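# An overview of the molecular structure
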Amino acid sequence: VLAQKLSFGNETLLDVGGGTGIYAIACLRQHPNLKAIIFDRPEVLKVADEFAQLYGVADRLTCHPGDMFADPLPTAENILLSNILHDWDVPECQNLVKRCAAALKPGGRLMIHDVFLNDDLDGPLPVALYSAALFSLTEGRAYSGREYREWLIEAGLSAGEIIPTLILVSMLIFGLQQLLPGDPALIMAGEERDPKVLQEIREQYKLDQPIPVQYVYWMRGVLSGNLGESMRLKASVGSLVREKLPV
């Protein structure tokens with residue numbers, strides 16, 4: 001959905017902290033004239049390179065190793081911070097936004113793709129609960145549109161509109177899978193109890209692996225547009241969610 005909401009010409013997208021490259025790769029697949037750079041740690045970029053080969057965009061994707069807080073960022077017309085800022089406290093977020101602003105080419109844009117609290121910092125409830133969980137897992141929390149706007153202006157940029165995507169849905173579904181008690185395969189399967197089906201779910205989402213590995217395979221499904229099937233409703237979860245999204 002992120003890739004579909006954005007427009008690109010014959011430009012470059014810099015995905016800072018892009019990890020496995022799922023968002024950069026989705027944008028490349030959606031926009032054939034776009035080139036992308038993923039900036040992250042070398043060990044993570046190995047997975048990004050594999051995904052680029054898998055999805056046929058390796059000729060337009062560059063993996064650039066580095067520390068986003070210390071090393072020079074490549075310049076680009078478009079810079080993406082996706083699922084990054086909520087891991088960090090305010091000073092680190094402000095610093096990173098300023099570093100990205102400095103790396104933008106004239107007339108470029110910085111895109112922040114994340115969950116958003118409301119400006120009163122008390123909702124929506126799912127985001128507030130997720131933000132509370134971040135306190136124990138990271139140095140950050142979820143931030144509001146007002147906070148993001150302030151950081152952008154401090155960095156010399158102007159703030160644009162907030163565009164809804166599926167990021168909240170995909171993160172919340174994965175988070176609930178991890179937090180709810182019981183076997184995740186049973187939770188995902190609903191009323192289905194066929195051992196064969198449960199085993200297929202465990203294999204598809206690598207539920208016997210550490211959480212970071214599970215997340216990679218979960219987001220791999222998001223990249224392909226497949227959030228899984230609702231056993232109860234017998235329909236694609238992605239299709240059901242998109243019907244409820246504001247246009």
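That block above? That's the structure.
Here, residues in each chain are numbered from 1, in the same order as that chain's written sequence. With the structure being a predicted model, the display of local features is reserved for residues of pLDDT at least 70 and the display and counting of side-chain atom pairs for 80 or more, all residues being used for whole-chain, interface and lining totals. Note: side-chain values were computed over all heavy atoms of the structure, leaving out hydrogens and water.

## Some words on the sheet that holds strand E5 (residues 104-113)
At least two DSSP bridges between two strands are required for those strands to pair. In DSSP terms, a helix is any run of H or I states spanning at least four residues, a strand is any run of E spanning at least two, and both are numbered starting from the N terminus. Read from one edge of the open sheet, five strands run E3-E2-E1-E4-E5, paired in parallel fashion. Pairing within the sheet leaves two strands with one partner each, and these edge strands are strand E3 (61-65) and E5. Averaged over all pairs of adjacent strands, the angle between strand axes in this sheet comes to 20°, irrespective of strand direction. The contact criterion used is simple: two residues touch if any of their non-hydrogen atoms lie within 4.5 Å. Interaxial angles span 0 to 180 degrees and are taken between N-to-C directions of axes, which are lines fitted to C-alpha atoms, for helices over the stretch in contact. Here helix H3 (residues 42-54) sits on the sheet and contacts strand E2 (35-40) and E3; the angle it forms with E3, its principal contact strand, is near 170°. This element, helix H4 (residues 90-103), spans strand E1 (12-16), strand E4 (76-82) and E5 of the sheet and lies at about 145° to E5.

## Examining helix H5 (residues 125-137)
An ideal rise of 1.5 Å per residue puts 18 Å on 13 residues; H5 measures up with 19 Å between its terminal C-alpha atoms. Those residues of H5 not exposed but buried are Val 127, Ser 131 and Leu 134. Down the axis of H5, the smallest arc covering the buried residues is 55°, so these residues share one side. Opposite the packed face of H5, turned more than 90 degrees from it, sit the exposed residues Leu 125, Leu 129 and Ser 136. A helix is expected to reach a length of 1.5 Å times the quantity of its residues less one. Under the scheme applied here, a residue whose accessible area is under 20% of the maximum for its type counts as buried, over 50% as exposed, and between as partly exposed, the area being computed with a 1.4 Å probe on protein chains only. Each C-beta atom gives one direction from the helix axis, and the arc is the one those directions make.

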